[in-house]
Each structure stands twice: as structure tokens, then as C-alpha cells.
Amino acid sequence: MNDSQQSKDGHGLGLLIVDALCDRYGWQLMLTSGEESGCIAKLTFPTIGETRAND
């Protein structure tokens, strides 16, 4: 893999980090397939009244 491919494709840690943040803060992550390629990530944040109590 050359440098341009590596920077384009990344290392795959982004969604892992986002998933951990979702677990920690009560956010929701939804992944769907893109129309031509890739995926679409949708984050949903709770409203102020819906936030989880601190652990």
C-alpha cells in the first residue's frame, strides 16, 4: 500500500472510537450502505432531558 492509498483508506479506527463514545454518552450510531459504495454513518444525540446519568 502506498502513502496515498493509506491516507485515503485510513486505519479503521474512526468507527471504533465513535462506537466507544456512543456507549459512553448514550448516543446512537446507525450505519447503512451507500448507494454506490461505502457507507453512511448517522449519529443521533439525545436531547438534554434524555441524557444518561453519569456512571
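Because the structure is predicted, anything quoted here is derived from the model rather than measured.

Undergrad: Explain the pairing of strand 1 (residues 28–33) to me, please; I cannot follow it from the model alone.
TA: The two faces of a sheet get side chains in turn, since along a regular strand they alternate between them. Of the strand pairs in this sheet, strand 1 and strand 2 (residues 39–44) are connected by six bridges, and their pairing is antiparallel. Paired with threonine 32 across the strands is isoleucine 40, a residue of strand 2.

Undergrad: Can you walk me through the environment of leucine 43 in this structure?
TA: Checked against the element boundaries, leucine 43 lands in strand 2. Overall, the relative accessible area of 38% leaves leucine 43 in the partly exposed class. Sequence separation of leucine 43 and leucine 29 is 14 residues, and the distance between their C-alpha atoms is 4.8 Å. Dropping the residues within four chain positions of it, leucine 43 is found in contact with Val18, Cys22, Gln28 and Leu29.

Scoring rules and cut-offs
- Residues numbered from 1 in each chain as written.
- Predicted model: local features only at pLDDT ≥ 70, side-chain atom pairs only at ≥ 80, totals over all residues.
- Heavy atoms only, no water.
- Pairing = 2+ DSSP bridges.
- Helix = DSSP H or I, 4+ residues; strand = E, 2+ residues; numbered from the N terminus.
- Buried < 20%, exposed > 50% of the residue type's maximum accessible area, 1.4 Å probe, protein only.
- Contact = heavy atoms within 4.5 Å.

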